Amino acid sequence: MYTFDPNHPYTIVHPLEGESIASFLYRFRQAKGNRISSARQLGEILEVGTVINRWEDLLFGGRKPKQKQVEALSKATRVEVDRLWQMFPPKGEQSQPNTIRICAACCLEDSYHRIAWQFHSTAGCDRHRLRLLPRCWACEKDFSVEALLKELRCVHCGMSFKSMVKKQKPY
Ligand SMILES: [Zn+2]
Ligand SMILES: [Zn+2]
């Protein structure tokens, strides 16, 4: 059994600018020395049930994230509670479940999932003045948070993010 021992804490993973909680959780679990194989396992370690699965799937409606759960995550990750909250949608902000939208230009600079891409209110990327892609331009399959961290292309058909940037409309 894998239990959390505060005397032997996990490798620290620093949140990236605008990063989503899903992206952070993947990086934390898979960081060298951590190797927490699943969201479920991390949930068990933190004693928060299945909320980690929901956060990795970017599901924030219904059962909202709770302060206690975020505090448990803070203890294990040693990232401040306030900083962890920044990776969730702010109060009053509706976020899209399931569909992961991306700015391919942002990914080319640094490939990870940004929380703002999930907000209904986000029409495009302010940095590049481009509309977000709701799915792969070529094969129309969904993007995944985990794949974004590893590959600068669609993992289904291989279309590169470099080519996808050219398909993003200005806004
Ligand atoms: Zn961008
Ligand atoms: Zn594709």
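Novice: What exactly am I supposed to notice about the overall build of the protein here?
Specialist: Scanning the protein from terminus to terminus reveals eight helices and two strands. Reading the helices (α) and strands (β) of the protein from amino to carboxyl end gives α-α-α-α-α-α-β-β-α-α. Here the C-alpha radius of gyration of the protein, 16 Å, is about what a compact globule of 171 residues would show, namely 16 Å. For the protein, the C-alpha atoms occupy an extent of roughly 50 × 35 × 25 Å along the three principal directions. Relative to its 171 residues, the protein shows a buried fraction of 31%. Considering only residue pairs separated by 6 or more positions, the protein has 61% of its internal contacts joining residues 24 or more positions apart.

Novice: Would you explain helix 4 (residues 67-77) in this entry?
Specialist: Structurally, the α-helix is built with 3.6 residues per turn, so residues lying three or four positions apart point the same way. Along helix 4, the residues that are buried comprise Gln69, Val70, Ala72, Leu73 and Thr77. The buried residues of helix 4 occupy an angular sector of 155 degrees when the element is viewed end-on, so they sit on one face. In this structure, helix 4 carries Gln67 and Lys68 as exposed residues pointing more than 90 degrees from its buried face. Here the buried face of helix 4 lies against helix 1 (21-30), helix 2 (39-46), helix 3 (51-56) and helix 5 (81-85). Directly beyond the C-terminal end of helix 4, a positive phi value near 60 degrees is found at Arg78.

Novice: I keep staring at the domain arrangement of the protein and nothing clicks. Help me out?
Specialist: One frequent convention defines the size of an interface as the accessible area lost when the parts assemble. Structurally, the protein comprises domain 1 (21-85) and domain 2 (104-165). Inter-centroid distance (C-alpha atoms) of domain 1 to domain 2 is 23 Å. With five residues of domain 1 at the interface, the matching set in domain 2 holds six residues. Its residues assigned to classes, the side of domain 1 that touches domain 2 comprises three nonpolar, one polar and one charged.

Novice: For this particular structure, what's the right way to read unusual backbone geometry?
Specialist: Most peptide bonds take the trans configuration, and most residues that are not glycine carry a negative phi. Positive phi is not limited to glycine here, since Glu47 has a value of about 60 degrees. With respect to the helices and strands, the residue Glu47 is situated in the loop between helix 2 and helix 3. The phi torsion at Leu58 lies on the positive side, around 60 degrees, for a residue other than glycine.

Novice: Hey, could you run me through helix 1 in this one?
Specialist: With seven of ten residues buried, helix 1 is to be regarded as a mostly interior element. Along helix 1, the residues that are buried comprise Ile21, Ala22, Ser23, Phe24, Leu25, Tyr26 and Phe28. Looking at the buried residues of helix 1, the elements they touch are helix 2, helix 3, helix 4 and helix 7 (145-148).

What counts, and at which threshold
- Positions within a chain are numbered from 1, following the residues in the order the chain's sequence is written.
- Chain letters and ligand numbers both follow the written order, the letters beginning at A and the numbers at 1.
- Where local features are concerned, this predicted model is filtered to residues with pLDDT of at least 70; where side-chain atom pairs are given and counted, the filter is 80 or more; whole-chain, interface and lining totals use all residues.
- A run of H or I in DSSP becomes a helix once it reaches four residues, and a run of E becomes a strand once it reaches two; helices and strands are each numbered from the N terminus.
- The quantity called the radius of gyration is restricted to C-alpha atoms. Its globule counterpart is 2.2 Å times the number of residues to the power 0.38.
- Comment: burial labels come from other C-beta atoms within 10 Å of the residue's own C-beta, placed from the backbone, where a count of 20 or more is buried, 12 or fewer is exposed, and between is partly exposed.
- Throughout, a residue-residue contact means that the two C-beta atoms, derived from backbone geometry, are no farther apart than 7 Å.
- Note that the arc is defined by the directions from the helix axis to the C-beta atoms.
- For the purposes of this description, domain bounds are those given by an automatic or database domain assignment.
- Any residue outside Ala, Val, Leu, Ile, Met, Phe, Trp, Tyr, Cys, Pro, Asp, Glu, Lys and Arg is labelled polar, Gly included; the first ten of those are nonpolar and the last four are charged.

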